[in-house]
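Inside the fold
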Amino acid sequence: MNEKYIAAKTRWAAKMTGKAKPQLRAQDRLPIGQRQVHNFPVLDLGVKPEVPLDLWELKIHGLVENPVTLKWSQFLALPQFDDVSDFHCVTTWSQFDMAWQGVAFFTLADLVRPKANATHVYFKSYDNYSTNNPIEVCMDDDVLLAHAWNGKPLTVDHGGPARVIVPKRYAWKGAKWVKEIIFLDRDQLGFWEVRGYSNTADPWTEDRFS
Ligand SMILES: Nc1nc2c(c(=O)[nH]1)N[C@H]1C(S)=C(S)[C@@H](COP(=O)(O)O)O[C@H]1N2
Ligand SMILES: [Mo]
């Protein structure tokens, strides 16, 4: 991992913690403090795991009735879902109209059937990244595991074979190179959440730091 990058981004969160946040959701499509880009920057921890499709697996488990480990062909055989959404990175860039193709989170939830006491979802990635979201955030109708962007297979840079997209949260809440989805009855903080970044991560209230 790129320790210098992680240390610098962690220091930035520490410095910015406690700054006043705007109360109202911005009227504008561009959340406050963001600038629009068109070049889809790449952000990672300095590790870009190459996962061959025949070795790729997605394990979905924890508090579910029907835990599964999906192979690539099984993942692609699930109902496919296309959606266009905006993408907001906490480092202040946003890109509009990102066209994703993949499997909706709610399709995966239907498959594994979360138990009544499941309240949170913890994501783990092939680069040892992790992040977390409440179950109701994941069940929103724009959340998906994307395997293609703008009609082309997702590149390794952007988290291919498959990544999570949670459009209404800062982008670190979506795990690239996703490997495991774990349903829990409590919250468990992920990689950036333990390093000074907000657990709720709402771009519209500039909820960047904890
Ligand atoms: N596995 C993994 N997922 C990750 C990250 C990461 O380092 N590893 N970075 C997060 C951050 S901070 C952002 S802004 C987006 C960046 O996605 P992009 O590189 O496709 O722009 O991925 C998020 N998901
Ligand atoms: Mo980010």
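Treat the numbers as computed from the prediction; the structure is a model and nothing was measured.

Rules and cut-offs
- Residues numbered from 1 in each chain as written.
- Chains lettered and ligands numbered in written order.
- Predicted model: local features only at pLDDT ≥ 70, side-chain atom pairs only at ≥ 80, totals over all residues.
- Heavy atoms only, no water.
- Helix = DSSP H or I, 4+ residues; strand = E, 2+ residues; numbered from the N terminus.
- Rg over C-alpha atoms; globule rule 2.2 N^0.38 Å.
- Buried < 20%, exposed > 50% of the residue type's maximum accessible area, 1.4 Å probe, protein only.
- Areas by Shrake-Rupley, 256 points an atom, 1.4 Å probe, with all protein chains shown as cover.
- Lys, Arg positive; Asp, Glu negative; His and termini not counted.
- Charge placed at Lys NZ, Arg CZ, Asp CG, Glu CD.
- Phe/Tyr/Trp six-rings, centres within 6.5 Å; stacked < 30°, edge-to-face > 60°.
- Salt bridge = Lys/Arg side-chain N within 4 Å of Asp/Glu carboxyl O.
- Contact = heavy atoms within 4.5 Å.
- Pairing = 2+ DSSP bridges.
- Axes fitted to C-alpha atoms, helices over the stretch in contact; angles between N-to-C directions.
- Expected span 1.5 Å × (residues − 1).
- Polar contact = N/O pair within 3.5 Å; in protein donor to acceptor, adjacent residues only side chain to side chain.

In terms of regular secondary structure, the chain is built from 4 helices and 11 strands. In terms of overall dimensions, the chain is globule-like: its C-alpha atoms have a radius of gyration of 16 Å, near the 17 Å expected for 210 residues. Taken over the C-alpha atoms alone, the chain extends approximately 45 × 40 × 35 Å along its principal axes. Residues counted as buried form 50% of the 210 residues belonging to the chain. In the structure as shown, the chain presents an accessible area of about 10,000 Å², 54% of it carried by carbon and sulfur atoms. Here the chain contributes 25 positive and 25 negative side-chain charges, whose respective centroids are spaced 7 Å apart.

All right, on to the packing of aromatic side chains then. Applying the stated criterion across every chain yields a total of 20 aromatic pairs. With 4.8 Å between their ring centres and 85° between their planes, Trp 56 and Trp 72 make a pair best called edge-to-face. Residue Trp 56 is located in the loop between strand 1 (35-36) and strand 2 (57-62), and its partner Trp 72 is located in helix 2 (residues 72-77); the two are separated by 16 residues in the primary sequence. Considered together, Trp 56 and Trp 72 belong to a single accessibility category, that of buried residues.

Let us now look at the pattern of salt bridges. Tallied over the full model, the rule gives 9 salt bridges. Asp 86 is the salt-bridge partner of Arg 29, the closest N and O atoms lying 2.7 Å from each other. In this pair, Arg 29 sits in the loop between helix 1 (3-16) and strand 1 while Asp 86 sits in strand 4 (residues 81-88), placing the two residues 57 residues apart along the sequence. For Arg 208, the salt bridge is made with Glu 206, and the minimal N-O distance between the two is 2.8 Å. You can call Arg 208 buried: its relative accessible area is 5%. Several salt bridges share partner residues, and in doing so they unite Arg 29, Asp 86 and Asp 97 into one network.

Within the fold, Pro 49 resides in the loop between strand 1 and strand 2. Judged by its relative accessible area of 11%, Pro 49 falls in the buried class. Each C-alpha atom, one on Pro 49 and one on Gly 160, is 9.1 Å from the other, the two residues being 111 residues apart in sequence. Contact partners of Pro 49, with chain neighbours within four places excluded, come to Tyr 126, Asp 127, Val 156 and Trp 177.

Okay, the sheet that holds strand 11 (residues 178-184) next. Strand order in the open sheet formed by 5 strands is 3-2-11-6-7, and the pairing between neighbours is mixed. Strands with a single pairing partner mark the edges of an open sheet, and in this sheet they are strand 3 (68-71) and strand 7 (130-134). Within the sheet, the average angular offset between the axes of one strand and its neighbour, ignoring direction, is 15°. Two elements, strand 2 and strand 3, share 4 bridges in a ladder whose sense is antiparallel. Paired with Leu 58 across the bridge in strand 3 is Leu 70.

Further remarks concern helix 1. With 14 residues, helix 1 should cover 20 Å at 1.5 Å per step; its first-to-last C-alpha distance of 20 Å lies within 8% of that length. By the N-cap criterion, in which a side-chain oxygen at the helix start approaches the backbone nitrogen of a residue two or three places on, helix 1 is capped by Asn 2, the distance to Lys 4 being 3.3 Å. Positive phi shows up at Gly 18, right after helix 1, with a value of about 90°.

Moving on, we come to the environment of Glu 206. You can see Glu 206 is positioned in the segment after strand 11. Between the alpha carbons of Glu 206 and Ile 32 there is a distance of 6.7 Å; along the sequence they are 174 residues apart.

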